[in-house]
Amino acid sequence: MALDTEGTTKQAAELWEKVDRKNVMIKIPGTKPGLQSIKESIAKGININVTLLFGLQRYEDVTEAYNQGWRKHFQQDWISANIIGSQFFLSRIDVIVDPMLGEKGHPELQVR
């Protein structure tokens, strides 16, 4: 599903409806094909957990997809727009940045 925009979007909506709990988060991969699924799911008010983020550029792309989806949802249903949730895991980025911080003399900023 990580490379299937239509399938991911459809499955996210189906899972959201089946579970029927406002606190559930549906995992969507942060792959290029997943960006449209993220946008569409957020626009529908589905809480998402973005996974498979492997770089800063993709994090920025996911953030933009999230923002576009949120704006679309907000235009449709401004009352529930403030409860949309999402998570972006940055551990893979931390693994890259931590050694750089050590090299730059800032070990106190490392996550470890």
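This text follows the structure it describes.
Here is a short report on the structure shown in this document. (Residues numbered from 1 in each chain as written. Predicted model: local features only at pLDDT ≥ 70, side-chain atom pairs only at ≥ 80, totals over all residues. Heavy atoms only, no water.)

1. A short note on the pairing of strand 1 (residues 26-29)
Here is the rule: Whether two strands pair comes down to DSSP finding at least two bridges between them. Every helix listed is a DSSP run of H or I at least four residues long, and every strand listed is a run of E at least two residues long, numbered separately from the N terminus. Handedness of a crossover is defined as follows: with both strands directed away from the viewer, a clockwise route from the first strand across the helix to the second makes it right-handed.
Note: strand 1 against strand 2 (residues 48-51), four bridges, orientation parallel. Bridge pairing in strand 2 links P29 to T51. Remark: the strand 1/helix 2 (residues 32-43)/strand 2 crossover connection has right-handed handedness.

2. A short note on the pattern of salt bridges
Where we set the bar: Put simply, a salt bridge is a Lys or Arg side-chain nitrogen that is within 4 Å of an Asp or Glu carboxyl oxygen. For every residue, the accessible area (1.4 Å probe, protein chains only) is compared with the maximum for its type, and the residue is labelled buried under 20%, exposed over 50%, or partly exposed between those bounds.
Counted according to the given criterion, the structure contains two salt bridges. A salt bridge links R58 to D61, with the nearest nitrogen and oxygen atoms 3.7 Å apart. One end of the pair, R58, and the other, D61, are both in helix 3 (residues 56-76), three residues apart, so they sit about a helical turn from each other. A residue is classified by how much of its surface remains accessible, and R58, at 22% relative accessible area, is partly exposed. A residue is classified by how much of its surface remains accessible, and D61, at 23% relative accessible area, is partly exposed. For E64, the salt bridge identified is with R71, shortest N-O distance 3.5 Å.

3. Details of unusual backbone geometry
In the Ramachandran plot, D20 falls in the positive-phi region, its phi being about 55 degrees despite a non-glycine side chain. The backbone phi angle of L52 is positive, close to 60 degrees, even though this residue is not glycine. Mapped onto the fold, L52 is located in the loop between strand 2 and helix 3. Given the relative accessible area of 31%, L52 is considered partly exposed.

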